[in-house]
Amino acid sequence: MVDLVGVKTWIEGWPVYRQLTGTDPLGRGAAAQSPRSKALSPRTEEADSVAKSICPYCAVGCGQRIFVKDGKVIQIEGDPDSPISRGRLCPKGSASKSLVTSDRRVNNVLYRRPYGTEWESLDLETAMDMIADRVLTARNQTWEDNAEDGRPLNRTLGISSLGGATLDNEENYIIKKLFTAIGALQIENQARI
Amino acid sequence: MGSNMAEAHPVGFQWVVEAKLRGAKVIHIDPRFTRTSALAHTFVPVRAGADIAILGGVINYILTNEKDFREYVLAYTNASTLVSEDFRDTEDLDGLFSGYDPETNTYDQSSWAYQGHEEELGGTTHTERETAAGLQQESHGPPIPGDVARDDTLQDPRCVYQVLKRHYARYTPEVVAQICGVPEEKFLEVCEAWTRNSGRERTTALVYSVGWTQHSVGVQYIRTGAIIQLLLGNMGRPGGGVMALRGHASIQGSTDIPTLFNLLPGYLPMPTYDQHETFREWVDSIRHPGQKGFWANAEAYAVSLLKSYFGDAATAENDWGYGWLPRMTGDHGTYQQVMDMIDGKIKGYFLLGQNPAVGSAHGRAQRLGMANLDWLVVRDPYMIESATFWKSGPEIATGEIKTEECRTEVFFMPAASYAEKEGTFTQTQRMLQWREQAVEPPGDARSELWFFFHLGRRIRERLAGSTLPRDEGILKLAWDYPMHGARGDEPDAAEVLKEINGYDLTTGQLLTTFNQMKPDGSTSGGCWIYTGVFADGVNQAARRRPGQEQSWVAPEWGWAWPANRRILYNRASADPDGRPWSERKAYVWWDTENNEWTGHDVPDFEKTKPPSYRPPEDATGVQAISGDDAFIMQGDGKGWLYAPSGLIDGPMPTHYEPAESPARNPLYGQQANPTRKVYDRPDNLTNPSPPERHSEIYPYVFTTSRLTEHHTAGGMSRQLPYLAELQPEMFVEVSPQLAAERGLHHLGWAHVITARTAIEARVLVTDRLVPLRIEDRTIHQIWLPYHWGNEGVVTGDSANDLVGLALDPNVLIQESKVGTCDIQPGRRPIGPALLRYVADYQQRAGLAPDHHTPIVTTSEDGNHGEQ
C-alpha cells in the first residue's frame, strides 16, 4: 500500500519542486528552506529590551537598535526608521557588537609606575584619588595668577587634555566646565587635527 | 572633492547614489581613483594640494562667462560692496596681499576693509592666528559694519565682483592644467556641469571631507568652494550647500560644546588676557555694539553660560564670575602642547578616546612628548599606542625611549562604550541624536560623565575651605548633578543636557529658544545654540518619528541646532520678495496670507519680518537686519565672496603650494602660505621645497586617507577581528610607472622616507594613481592609509609618523594631507640604524638642525607687501 499522503509530503518537501511551483523561482528563499532553518528564529526576537542608539564611528549618525538579553548585548542592527541611514550600516557599524562585547577590551584599571617595566593593577577608587592629587599638584606647580604686566591669567599650563569627538555632548560640557574652573586651558580634541 | 565618500561615509553615500538614479551628475575630483570615483560619472585626477587652483579656475570660468546667478548674487552676497582703495592683491604683490608684516608673518588687515571702514579693522592679526580665532566664526561672521558703499551695476573697479574677477583672471584652463595636472577638457567639463546645474531651477551640492581642512591653506580651500556656491546661488537652498563630512560620531558636538582651548560653548571666545581683561571688553568683542545681526545679543548668551557654570555665585556684582575664567596669551593648541611636553613644561595629560601616537601628525614628537610627562591618564575601552609608548613604541626600538629611564606615570582607565551610557552625539549636519543606554559598562569601565564628575568632586573636597583666589572658581562651580543608574553614582545625562539647554531662573522652566536669554542673570544656558533641545520640557534629540512617516526634511527625527533648522540661511531659498526661486526648489517662503515665513523647514529668519522690511537709519542688532538679508549672522547680512576680515591669510583664496612641494608655485614668487603657523625646531624639520635647493631628495607627493573597514587611529577597528581580517595590513599605493622607476613590486615591501622618519608598508601597484604632468615634468603621487600602529589584532607602521607640523593659520590644523617623500623598495632599517638612515636623507637635503625654511619667497624686487 503506497502512502500517497507521505509521497505527496515527500515531493513537496523537495526543494526543486518548491522552487518550480512556489513563489521562489530563484531558489534563494522559502524554496531552499530546510525544516531546521524553518524552525530558526532571529536572536533579536528573544531580546529582553531594545535600546535606540546611534553608530559610534563616523559623523553620518546612522541609527542603531541594540538588542539586549540578560544584561548582555546580543545584536546590534541598523534602525530602518532613521531618515539618515534607513537601516543601513557600513562594515564598521556592522561590527559595533564586536566593539562593545569583545574580550579584548580592558575592563580594569592598569597602572604603570614611573620607570616601571610592566602594568600593575590598581583599585578604581585609589586611581581616582591619585589622579585628583596629581591634578592639584600639577596645578599648584604651574599656577599663574598674573602676567608680567599685572593683568590676570588665572590659569595653569601644566595640564593638558586631548579628546572629545568620540564622546557625548554632555560629557564634553562637563569636561570643559571642570577644566575651565580649575584654570586648565590646554583642552583639545580631534577637531584640531 | 577631497572626499572618498563611498569609502569613508558609505551610508551617507547612499543619497548620492539615489540622486544619481534620479538623474544627477556625479563628479569626483581627487588625487586617486577610489570607490567614490567608481560610482561617479566623471573622475578628475588632481595633484594633492592644488585644490584652490582648480576651484579658482572654476570661479574664473563663472566670472569670465558671466555664468553667476546674478539676481541671487546681487541680493544675497557682497558682490556689489566697494573695497578700500588701499587694497592690493596677490596679483600686484607677487603672491602677498597688502599689509604683510615679515616680522610676524601676519597681515595688518586695514587695507582689506570695505571702503570707508579702513580704520575700524586695523591692527595685526598675530594674536588671532595664535588663538585660532577663525574658529569663532563657525556660527557667525566676523565683525563688519552694516553701512557699506555699494555699486549695484557691478561695474565699479573697486566692487567685490570686479576685485574677484581680477584676482582669478590668471586661473585659466591652461594654468589649471599646469598647476593641477588636470587636462583642459576635463576641467571645462566640470565648469560646464557645475554652472549648467545651478540657478533658479537647479542646485549643485559640493561635498568635502575633513582632509580638506588638513592643509596649510585648509580654510581657504573651503572658502573657494563657498565662493563658487554663492556665485551660483547654491547656498541656503535644497540640494545645494557645502557639505563637510566629518569623521567622528560627535566631532561637531565637541566643537559646538568645545573641548578646544580657544573656545567656550557656542563659539564664545576663551578670553585673551590683554584684549579681554574685563567682562565688558570680552562681551563687547563678541557683540560689537552697533553691528547688525543676532550677535548683538551675545551678552545674554555669555551671562547665561556663566550662570550655568557658577549658578547663584555668578552675580552682576562679580561680573557673573568672569574673573574665574583662565586667560590665553597665545597658541595653546595641541601641537604647541606637544612641543611643550618635549621641553618639559607640561606635567600631566589626559587622553579621552583619542590616540595621538597614531592619529596626530608627527607621531615621534607625540610619543617623545608623552615620555616626558609626570603623569598620563588614558581613558579608552581598548589598549592603544598612546598608553604603551613606554614599553613598545617605535622609539623603544630606536633607543630614544628607554623603559627603565622613562618617568611618565601612566593610568589606564577603562572607558564605557557608547552602548553603556546615555547622551547625545551631534552628527555632521548639526543634528543631535539621543542614545539610550543598552547595558551597564563592564568592570571598572566608566563614562566620561562619571569620571569627570567624580574627579571634580574629589578636587572640590580637597580644596574645601581654601581661601586662595585661584580656588574660588572651582569651589563656586555649580557641580551638583542628580545621580542614577545601577551603581547609583552615575550623573544623569538628561539633567546635563537640560543645563546646556538653559532655564528661566525666575520660573525654573526650561527655555525654548535662545531669544529668551537675558543679560541680567535671570536665565541660564550652557550652550546658547543648543537652546531648544529641551523645548517644552521634552528631550527633542530623542525624537524618533520614523523617516517614512515624515516629509523629506524629517524634522521630527532628532534635533538640529539652531532651532531645529536643517538648512542654514534658508531665507536664500526664496527670492528677495520672499517667493521661491522656482517651484521645483521651493523650501521656505513668505506666506502673504498669514504674513509669516513658512515652508518645509524652520525658516532661518524672524518669522514675521516681511521681505519688504527696511531698517531705520540708526538701527542695530536684529532690528537692523533687512527683510532681504538672507545671511542673518553676518555683520552686513550678506554671503561673502570677499572676506574683509576674519581670515588670517587673505580676503580671497590664492593658490599657494603646500609647505612641502616638489613644484615651484607657477603663479607667484610666494611659494607657500606666508602666514602658516610653523614650529621651526630641530625636531620638526621640513623637507625642502623650491626655491630652496635639494627638493629632489624627497621627490614624490604623498597623501593619506581612510579605508572603510578602519576608523582613524584604529583604536575602535584594529582591535576587532572582523575588521582586522578585512583590512589586515598597512600598504602603500603606487602607480605602475613609479613602481618601475623605483623598482617596487606588487605585494612586496617598500618604505617611505621624510625628514621625520621612514615607515614600511606592502606595495599595491595600481593605475588608480596616475602620474601627473606638472610644468613639463612628471610628478608621482603615492597614497597611504593612516590607521595602523603597533597595538591591536593587526599592526603596522603609522603614516602620520611621516608628517611634520605646519599649520593652517586660521584654525591651527596641521597639513597632513600632502607632503613630500621618497620611496624605496624593501623594508626600512630597524633600531638605531633607522635614525642614521633618516639623518642621512636630512643631510643630503641640506637639513641641518638649525635649518630654517624660508617663509617669504617673493622675488627680490617685490616689495613684500609693506605699504
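Keep in mind it's a predicted model, so treat the numbers as computed, not measured.

Caption draft 1: Spotlight on the overall build of chain A. When its secondary structure is counted, chain A shows 7 helices and 8 strands. At 29 Å, chain A has a C-alpha radius of gyration far larger than the 16 Å of a compact globule built from 193 residues. Each principal axis of the C-alpha distribution contributes one length, and for chain A these read about 110 × 40 × 30 Å. Counting contacts in chain A only where the partners sit at least 6 residues apart, residues at least 24 apart contribute 30% of the total.

Caption draft 2: Looking closely at the environment of B:Trp282. Residues and elements named next belong to chain B. Tracing the backbone through its elements, the reader meets Trp282 in helix H12 (residues 279-287). With 25 C-beta atoms packed within 10 Å, Trp282 lands in the buried category. Spatially, the C-alpha atom of Trp282 lies 9.5 Å from that of Leu268, the residues being 14 residues apart in sequence. Contacts of Trp282, omitting those with residues within four sequence positions, involve Pro271, His276 and Tyr322.

Caption draft 3: View of helix H7 (residues 169-181) of chain A. All names here are of chain A. The terminal C-alpha atoms of H7, which comprises 13 residues, lie 18 Å apart, in line with the 18 Å expected from a rise of 1.5 Å per residue. Counting buried positions along H7 gives 13 out of 13 residues, so the element sits mostly inside the fold. One or two residues past the end of H7 sits Gly183, with phi positive at roughly 85°.

Caption draft 4: Here's a closer look at the pairing of strand S3 (residues 72-78) of chain A. Residues and elements named next belong to chain A. Examined bridge by bridge, strand S2 (residues 63-69) and S3 share 6 bridges and lie antiparallel to one another. Among the inter-strand pairings, Gln64 is bridged to a residue of S3, identified as Gly78. Linking two consecutive strands that pair antiparallel, namely S2 and S3, is a turn of 2 residues; a positive phi of about 50° is found at Asp70 within it.

Caption draft 5: Highlighting the interface of chain B and chain A. Listed by partner, the interface residues are 132 residues for chain B and 100 residues for chain A. It is helix H19 (residues 448-463) of chain B that contributes the most residues to the side of chain B that touches chain A, 10 residues altogether. Partitioned by chemical class, the residues of the side of chain B that touches chain A number 66 nonpolar, 45 polar and 21 charged. Here strand S7 (residues 152-162) of chain A runs beside strand S9 (residues 348-352) of chain B; their pairing, made up of 4 bridges, is parallel. Directly across from A:Ile159, in S9(B), lies its bridge partner B:Gly348.

Calculation notes
Residues numbered from 1 in each chain as written. Chains lettered and ligands numbered in written order. Predicted model: local features only at pLDDT ≥ 70, side-chain atom pairs only at ≥ 80, totals over all residues. Helix = DSSP H or I, 4+ residues; strand = E, 2+ residues; numbered from the N terminus. Rg over C-alpha atoms; globule rule 2.2 N^0.38 Å. Contact = placed C-beta atoms within 7 Å. Buried ≥ 20, exposed ≤ 12 C-beta atoms within 10 Å, placed from the backbone. Expected span 1.5 Å × (residues − 1). Pairing = 2+ DSSP bridges. Nonpolar A, V, L, I, M, F, W, Y, C, P; charged D, E, K, R; others polar.

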